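# Summary of the model geometry
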Amino acid sequence: MPHFTVVPVEDSAQSNYDSLEGINWVDYRDTGQGYPGHTDTVSSDGHGNHKENSPFLNNTDTAKRNDYYDRNLALFEEELDIRPKVSSLLSRLVSYTNITQGAKEHEEAESAEASRKKMPKSPSMGTLMGVYLPCLQNIFGVILFLRLTWMVGTAGILQSFFIVLMCCSCTLLTAISMSAIATNGVVPAGGSYFMISRSLGPEFGGAVGLCFYLGTTFAAAMYILGAIEILLKYIVPQAAVFHGGESALLNNMRVYGTIFLSLMALVVFVGVKYVNKFASLFLACVIISIVSIYAGAVKSIFDPPEFPICMLGNRTLVRDLFDICGKTVTVGNETMASQLWENFCSSGNMTTHQCDAFFAHNNVTEIRGIPGLASGIIRENMWSFYLQKGQILEKASLPSTDVHGSAENSHLYVSADIATSFTVLVGIFFPSVTGIMAGSNRSGDLKDAQKSIPVGTILAIITTSLVYLSSVVLFGACVEGAVLRDKFGDAVSKNLVVGILSWPSPWVIVIGSFFSTVGAGLQSLTGAPRLLQAIAKDNIIPFLRVFGHGKANGEPTWALLLTGLIAELGILIASLDMVAPILSMFFLMCYLFVNLACAVQTLLRTPNWRPRFKYYHWALSFLGMSMCLALMFISSWYYAIVAMVIAGMIYKYIEYQGAEKEWGDGIRGLSLSAARYALLRLEAGPPHTKNWSLHVKYPRLLTFASQLKAGKGLTIVGSVIQGNFLDNYGEAQAAEQAIKNMMEIEKVKGFCQVVIGAKVREGIAHLIQSCGLGGMKHNTVVMGWPYGWRQSEDPRAWKTFINTVRCTTAGHLALMVPKNVSFYPGNHERFSDGHIDVWWIVHDGGMLMLLPFLLKQHKVWRKCKMRIFTVAQMDDNSIQMKKDLATFLYQLRIEAEVEVVEMHNSDISAYTYERTLMMEQRSQMLRQMRLSSTERDREAQLVKDRNSVIRMGSLYSDEEEEVVEPVSEKIQMTWTKEKYDAERRNRNNAPENFRELIAIKPDQSNVRRMHTAVKLNEVIVNRSHDARLVLLNMPGPPRNSDGDENYMEFLEVLTEGLERVLLVRGGGREVITIYS
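Only a predicted model underlies this, so the values are computations on that prediction, with no experimental measurement involved.

This paragraph deals with the overall build of the protein. For the protein, the helix and strand inventory stands at 36 helices and 16 strands. The buried share of the protein, reckoned over its 1076 residues, is 55%. Excluding contacts between residues fewer than 6 apart, the proportion of contacts in the protein whose partners are at least 24 apart in sequence is 81%. Working note: accessible area of the protein is about 47,000 Å², and carbon and sulfur atoms make up 57% of it.

Take the packing of aromatic side chains next. Any two aromatic rings considered together are summarised by their centre-to-centre distance and by the angle between their planes. One pass over the full model with this rule turns up 26 aromatic pairs. Three or more aromatic residues joined by ring pairs form one cluster here, namely W341, F344, F358, F359 and Y413. Positioned above the aromatic ring of F488 is the side chain of K233, whose terminal nitrogen or guanidinium carbon lies 4.4 Å from the ring centre. Between R485 and the ring centre of F385, over which it is positioned, the NZ or CZ distance is 4.0 Å.

With that settled, consider the nonpolar core. Most often, soluble globular proteins keep nonpolar side chains buried together rather than apart. Counting residues in each nonpolar core, the largest one holds 172 residues, and the members touching the most others are M222, F429, F430, M437, Y468 and F593. Sorting elements by how many residues they give to this core places helix α9 (residues 202–235) first, with 22 residues. Among all residues touching F430, those that are not within four sequence positions of it are C167, C170, T171, S584, F587, L588, Y591 and L631. Residues I764, F801, I841 and Y1047 belong to the second largest nonpolar core, which totals 44 residues.

On to the environment of I224, then. Within the secondary structure layout, I224 lies in helix α9. Taking the C-alpha atoms as reference points, I224 and A520, separated by 296 residues in sequence, lie 8.8 Å from one another. Non-local contacts of I224, meaning those with residues more than four positions away in its chain, are made with G257, F260, L261, M264 and I571.

A word on the pairing of strand β12 (residues 835–840). Each regular strand carries side chains that alternate between the two faces of the sheet. Taken across its six residues, β12 has five buried, putting it largely inside the fold. As defined by bridge partners, β12 adjoins strand β13 (residues 865–872) across six bridges and the pair is classed as parallel. In the sheet register, W839 faces β13, and the bridge partner there is F869. Running through helix α28 (residues 847–855), the crossover from β12 to the neighbouring parallel element β13 is right-handed. Inspection of the sheet shows β12 paired to strand β15 (residues 1029–1033) by four bridges, in the parallel sense. From the neighbouring strand, W839 faces β15, where its bridge partner is L1032.

All right, on to the sheet that holds strand β4 (residues 315–316) then. The three strands lie next to each other as β4-β3-β7, forming an open sheet whose pairing is antiparallel. Pairing within the sheet leaves two strands with one partner each, and these edge strands are β4 and β7 (364–368). Direction of pairing for strand β3 (residues 308–312) relative to β4: antiparallel, over a ladder of two bridges. From the neighbouring strand, M311 faces β4, where its bridge partner is T316.

Let's shift gears to the pattern of salt bridges. Overall, the coordinates contain 16 salt bridges when judged by the stated rule. We note a salt bridge from K395 to E480, for which the minimum N-O separation is 3.0 Å. Taken together, the residues K395 in the loop between β7 and α14 (422–429) and E480 in the loop between α15 (449–478) and α16 (481–484) connect sequence positions 85 residues apart. According to the relative accessible area criterion, E480 is buried, its value standing at 4%. The salt bridge involving K740 is made with E736; its shortest N-O contact spans 4.0 Å. Of the two residues, K740 and E736 both sit in helix α25 (residues 725–745), four residues apart, roughly one turn of that helix. Residue K740 is classed as partly exposed on the basis of its relative accessible area, which comes to 24%. Ionic contacts of the salt-bridge type, sharing partners, join the residues R147, E229, D417, K487 and D577 into one network.

Next up on the list: the confidence of the model for the protein. The predicted model of the protein has a mean per-residue pLDDT of 77, with 75% of residues at 70 or higher. Note on residues 1–69: pLDDT is under 50 here. Beyond four places in sequence and across chains, it has 145 contacts. A low-confidence stretch, residues 942–973 (pLDDT under 50), is modelled with 36 contacts involving residues beyond four sequence positions or located in other chains.

Scanning the model with the defined rule gives two disulfides in all. One disulfide in the model links C310 with C325; its S-S distance is 1.9 Å. On the S-S bond that ties C310 to C325, the torsion sits near 85°, and the link is right-handed. Of this pair, C310 sits in strand β3 while C325 sits in the loop between β4 and β5 (328–331), and the two are 15 residues apart along the sequence. A relative accessible area of 17% means that C325 is categorised as buried. Each bonded cysteine of the protein is numbered by sequence order, and under that numbering the disulfide pairs are 1-2, 3-4.

What counts and what doesn't
All residue numbers here refer to positions counted from 1 along the written sequence of the relevant chain. Where local features are concerned, this predicted model is filtered to residues with pLDDT of at least 70; where side-chain atom pairs are given and counted, the filter is 80 or more; whole-chain, interface and lining totals use all residues. Excluded from the side-chain calculation are hydrogens and water; included are all heavy atoms of the structure. Think of it this way: any DSSP run of H or I at least four residues long counts as a helix, any run of E at least two long counts as a strand, and we number them from the N terminus. Exposure categories follow from relative accessible area, calculated using a 1.4 Å probe and restricted to protein chains: below 20% of the type maximum is buried, above 50% is exposed, and the middle band is partly exposed. The contact definition used throughout considers only heavy atoms, calling two residues in contact when any of these lie within 4.5 Å. For the area figures, the Shrake-Rupley method with a 1.4 Å probe applies, and any residue is considered shielded solely by the protein chains shown. Any Phe, Tyr or Trp ring, taking Trp's six-membered ring, that has another such ring centre within 6.5 Å forms a pair; planes under 30 degrees apart are called stacked, those over 60 apart edge-to-face, and the others tilted. Counting as a charge over the ring demands two things of the Lys NZ or Arg CZ atom: a distance within 6 Å of the ring centre and an angle within 35 degrees of the ring normal. What makes a nonpolar core is a set of buried Ala, Val, Leu, Ile, Met, Phe, Trp, Tyr and Cys residues whose side-chain atoms join them at distances within 4.5 Å. Strand pairing is defined by DSSP finding a minimum of two bridges between the two strands. By convention a crossover is right-handed if, when the strands point away from the viewer, the path from the first strand over the helix to the second runs clockwise. Salt bridge, as used here: a side-chain nitrogen of Lys or Arg that lies within 4 Å of a carboxyl oxygen of Asp or Glu. Residue-level confidence of the predictor, termed pLDDT, takes values from 0 up to 100. Here, two cysteine sulfur atoms that lie within 2.5 Å of each other are counted as a disulfide.

Here is the structure:
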């Protein structure tokens, strides 16, 4: 789970955002100089200096800051620099949400000065332009134009249909998994790499990210080879440098491929904006080409195009080696040998004894290359016709005398250039369904990524699947089988086979496919270096660090250079049919892990797994994963093993050498779940033999914990026994067993830990520090409220409570305090309606947002609706705040009603003064009572220890809170004259102390805090009096412990009149994220 983390930035001059690991680190503290575009201030000393970054803040200079802080938030003012106001957070998020990525930010950054001055534009692309069309452009490619007709002719309509259906089903299932991951937050640059690494961890992410990078790089090589094939075979065959057989073709591919690669890399280096500007032109070429195919197919019903092919017996002849399809030609009244005769016979004297045997015994016939949709040719093309390398293309239905011809004349026949089989065709076809990640890679440019990505991607896959499936049927129904099996169009005068079917001209397809292939190659060369740069910047693979650097505008120069070198390796292979299976492997491995990531997250049901796309299931993901694995081994088992070995080596390298990353990934979640399960199994043991029972004062605390965890995660129930470890060990063991029994009754899965300590507060501090094992440590403390603290003369209960609050803050742990816990529902109760109200006053990590979501997973709270209230001050734009908050919740995938409550700066009421006065008088009275009581009880101790000095402050020290030994009733008192006089003075001062109590004036700081508590309580009770549960930010205790008792009073006032309240205090780290 990657975190959208709030961190302090030390350099006050740094006003821009630094982006690292796809995560932006934002400074929420004001410098006093002001950020451009930000009008709110959060916290400073008024002179532009940051306050100390500490869990506690000194409150000695509150008088200076009275005007600075909002009067209505005085309770929270000490921590506003680390727990900002909601309005401040939202104002920063408005600017933050425009996450530029992909190629677009480089285009804008090319004029660096201008981009610095420009305000960030809000994302504006919709589903059509942002996802659907880019996916179409990436999916349709070279295979459709150059190899689909050949595949249909070789495998037959039925098997081709099955291949296409299988590949498209695989990508559709992957798109469903991808949509779930992509709508589980924002996916920055890196697309699939980011999704997998944040879902499965850096090892899997790095391995699969590099595989995806290699796949994209080899895709660039494949597109370039496709473009060269179109250029040299169909546009300008005379441009070939080498002439001759198959090796000459490969060498031409290598020479022109290297030239094209260099030119394309130069275009990408000079400016990505040119690639982006021409993208729509390339897409238009693809769409026009496809439309022309359909138009040609329809036209062939009533007017099939004239493209005759010449057959010798049942063998297909290369058409451009002769002019007339016949053995003889009549010139005037004379019959002469044709060019075809001369090719097969050593002499042109019309005698057959010097002719090729097959030529002599078989007739030459001419048949239609495209019989048309209504011809019934579909029946012949239904079945497969696999060939071995060098085997001549034949039409089985034509009569033929089977005679062995001369091997010297084999070049006159159209023959297979490679051996074909079902598995070979799967490997060659699969690249034509890749490209489904184009939408998720552009999420920062989309107006509503969480809606556009699933709809656009799935629609694009359905569209392309329908085009491919219908093309398979149309090709099989319109074109002669022998022509379909002719890969390079030799039988139809070197025309592109799909081109001769199109209307109005074959050149539409030739030119269109050439430009679209060049465009796809440019897109791959643009995308691959950025993917490598994203991996390098994450710093998980040390030797790739250099590729994270680039030009001043962020252009990945070094990554582009490496991409060019790897693509050159693909071009040196020089065969489209050999390169295609390589990139099939890498893409299939990537898709396999996207499915695995979705399945793992769905089964783990982690709190951050909240996709907006709801139409996913772990079974679909597993099916997609199985299909990917099957396709890998079907298409090429040895390539599959090589790809897995490469991925495994990268995985182990990252595991041993890579940087440690905590991304809250699914593999870590699986490890924690497995460890928890194993430890719970080990915990099961026989009950303790002692007959000792523990009275749990508030068993509903355990009930609440079980509802919050919904059977997931780690729960540790801790208890402290006061005393000596040697004397109380047996009691602790028995207490532990009693807690286990109580946990079983309340259905809480977890562990318990009992600590023996001389003081309760020390025991609790030890529990907070030492609970858990290794990575299985708690991150939240749930603690009961100290009821009756006002009535008790013993301050230890509430002092222990406040000390625990301080300990959790210092340990960066979240804290939850359920108040009136006896009113909380049991596990057998059900709320059929009602609301869970969240009062979000300051932002301290998002716990307030996450808790209702977790509670709603439990059957008790499932039907409750969530409402979020936040407080607006006089200078806040409440309408804008409501819009921003709704947007923020949408990005967090949390469904809730949003309401902004305006709190005006009203005068402090007489009731507030009176309440503060009562609080301070009560504190003073208790202090005096404790003073006289303590003096009496500890006189014996003073006699023993002459060095002890009684001070007012010592009443609040740790040493005096715990009574070590009860003092005997019969104490031998030793009196001196000085002590006797002091005792008389104290008694005489009693009326004077009472007069001081009456004349006390409330402290202004306390009045302001009480004002906050009273005003907030008034608003909360007014809006949430009928809520099933109210969640509220818990203010932090003052650093100066003199105000501890007042702090308890403030909390009481804040929660008065509410039936069920949960006070929440975040641990200082983000627990919710807008990222995937």
